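The primary structure of each chain is shown beneath.
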Amino acid sequence: MKISLTQKYNVPGPRYTSYPTVPYWNEDSFTIEEWKLSFEKTFSESNSQNGISLYIHLPFCESMCTFCGCNKRITKNHSVEEKYIQALLKEWSLYCNLLPEKPIIKEIHLGGGTPTFFSSDNLENLINGIFSFSNKAENHEFSFEGHPNNTTYEQLKKLYNLGFRRVSFGVQDYSEKVQKAINRIQPFHNVAKVTFWAKEIGYTSIGHDIIFGLPFQTIEDVIDTVEKTNSLKPDRLAFYSYAHVPWIKGNGQRGFNEENLPKDSEKRKLYETGKQLLSANGYHEIGMDHFALKSDSLFLSVENKTLHRNFMGYSASKTQLMIGLGVSSISDSWYGFAQNTKNLEDYYQLLEWNQLPVVKGHILTGEDLIIRKHILNLTCDLETSWNNDFLYFKELPEVLASLKEIVNDQLIVIKENKIKITEAGRPFVRNICMAFDLHLKRKSPETNLFSMTV
């Protein structure tokens, strides 16, 4: 029996928000001093020209969503807010003390957890505290993630006044059965309310996050969710595959069984159905699993070939330096990565000792930088080339040989020192990137590390 392309290529693989991926970081040789030097070098190269990005992780949630693999702390005790914000500002001051001049911030993203767990006053104190050590770029892009159930008009208004123009709301799916399975009871009315508030206030980019492949999810559920989404007309959408990674410590994915999940071709059909409906309503596919209207900055960045991808996902703002603040956050200096401790108590303790809360990282080799550029090209532009000598590497002939079957399946075209992903190859971008992943090729994982690619 002939198997489908989905069955053939649906294997565990990275999402490529970085290269090397976290499991392949060379932690043994990494030191915080090396990271500081990397941070300082990149800052001197890029601050005055492009500015820098900040990702701020706000880990608190009032309840556990059982589809979520993020680092979070479940609590209804809001007295934790002020201590955490003071810790974030302490961490930021430690970075700023290493610098000869004030950072110029082009991009801020508040992620979680649930950023809207925090009161509007505390969010204001956080942002004002950040800018007591830094300046704001003229063409800045500030964004945050909002939970439709607890985002208030006051929060939206206050963050808007602080320079935020983009907000993304986690929708996932509107089916009551699916919502119950993932412990995310969220009526359409709540999503509509916060979306209309954001439009009224003046946000220029409103996003919704939708997931396919959730437990008990059917074609009818996806159609209903996408039709409801179309009625609200958000500017951009993340429509991504549920990552089933129940082996991760502290993961909340325990509210359903394996047999409740749509598999392979059934799962892919959920995506293709949603994609068709979105395309019919003016949304254009961006990179992997993202869609945007022509008026959104994400679409314009594709047109201008300035789309970027990092630990925050896809971004229309391209900066060389991204600092992650908060528990578990990852920083990226282009030449190196550094991750903070995932333990909240350790995070507080290290900052009390006036130490950056970094516990692991990786300094990129020359080879890493070349491969990273190819993977960024593939995930952002759906093509890459090695006409430039910088992008040629000695294992390239082996990589091209390993792509032979993917070529035969008409997922990519290789000619004139260039690889271009076809329309049929879009669902398999992660698989194509894996051919370039020399760390993965040299040492296959012995345990579960990655979610399925399709």
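Residues numbered from 1 in each chain as written. Predicted model: local features only at pLDDT ≥ 70, side-chain atom pairs only at ≥ 80, totals over all residues. Heavy atoms only, no water.

To continue, consider the sheet that holds strand E18 (residues 412–415). Read from one edge to the other, the open sheet built from three strands follows the order E17-E19-E18, with strand pairing classed as antiparallel. If you trace the sheet from one side to the other, it starts and ends with strand E17 (383–385) and E18, each paired once. Geometrically, the sheet is characterised by an average inter-axis angle of 10 degrees between neighbouring strands, direction not taken into account. One ladder, built from three bridges, connects E17 with strand E19 (residues 418–421); its direction is antiparallel. Across the sheet, residue Thr-384 finds its bridge partner in E19, namely Ile-419. Strands in contact with helix H12 (residues 366–381) are E17 and E19; relative to E17, the strand with the most contacts, it is inclined by about 150 degrees. (Pairing = 2+ DSSP bridges. Helix = DSSP H or I, 4+ residues; strand = E, 2+ residues; numbered from the N terminus. Axes fitted to C-alpha atoms, helices over the stretch in contact; angles between N-to-C directions. Contact = heavy atoms within 4.5 Å.)

For the rest of this paragraph, the subject is the pairing of E19. Burial along E19 is one-sided: the residues Ile-419 and Ile-421 are buried and none of Lys-418 and Lys-420 is. Here E18 runs beside E19; their pairing, made up of four bridges, is antiparallel. By the bridge assignment, Ile-412 is partnered in E19 with Ile-421. Counted along the chain from E18 to the antiparallel partner E19, the turn is two residues long, and its residue Glu-416 has a positive phi close to 50 degrees. (Buried < 20%, exposed > 50% of the residue type's maximum accessible area, 1.4 Å probe, protein only.)

Those places that UniProt annotates as "binding site: S-adenosyl-L-methionine 1" (unreviewed entry) correspond, in this numbering, to Tyr-55, Gly-112, Glu-145 and Ile-330. Along the polypeptide, Tyr-55 turns up in strand E1 (residues 52–58). Excluding anything up to four places from it in sequence, Tyr-55 contacts His-109, Gly-111, Gly-112, Met-312, Met-322, Ile-323, Gly-324, Leu-325 and Ser-329. Residue placement: Ile-330 occurs in strand E14 (residues 330–332). Sequence-distant contacts of Ile-330, that is, excluding residues within four places in its chain, are made with Val-22, Trp-25, Phe-311, Met-322, Gly-324, Ala-338 and Gln-339. (UniProt positions renumbered as here; feature names shortened; annotations may be inferred.)

A word on the packing of aromatic side chains. Taken as a whole, this structure holds 25 aromatic pairs when the rule is applied. Plain terms: the ring middles of Trp-25 and Phe-337 are 5.6 Å apart, the flat faces sit at 10 degrees to each other, and that makes the pair stacked. Separated by 312 residues along the polypeptide, Trp-25 in the loop between helix H1 (5–9) and helix H2 (32–50) and Phe-337 in strand E15 (residues 336–340) bring together distant segments of the chain. On the numbers, 5.2 Å between centres and 15 degrees between planes, the contact of Phe-239 with Tyr-271 is stacked. (Phe/Tyr/Trp six-rings, centres within 6.5 Å; stacked < 30°, edge-to-face > 60°.)

According to the domain assignment, the protein chain contains domain 1 (1–20 + 366–453) and domain 2 (22–325). Here domain 1 and domain 2 have C-alpha centroids that lie 26 Å from each other. If you look at the interface, domain 1 gives 29 residues, while domain 2 gives 27 residues. Taken together, both faces of the contact between domain 1 and domain 2 bury some 2400 Å²; the carbon and sulfur share is 54%. On the surface where domain 1 and domain 2 come into contact, there are three salt bridges. Among the salt bridges present, the one from Lys-275 reaches Glu-423, with a minimum N-O distance of 3.2 Å. At the boundary of domain 1 with domain 2, the tally comes to nine residue pairs in polar contact (both at pLDDT 80 or more). For the side of domain 1 that touches domain 2, the secondary-structure elements that each account for two or more residues are H1, H12, helix H15 (429–436) and helix H16 (438–442). (Domains from an automatic or database assignment. Buried area = accessible area lost by both parts, 1.4 Å probe. Salt bridge = Lys/Arg side-chain N within 4 Å of Asp/Glu carboxyl O. Polar contact = N/O pair within 3.5 Å; in protein donor to acceptor, adjacent residues only side chain to side chain.)

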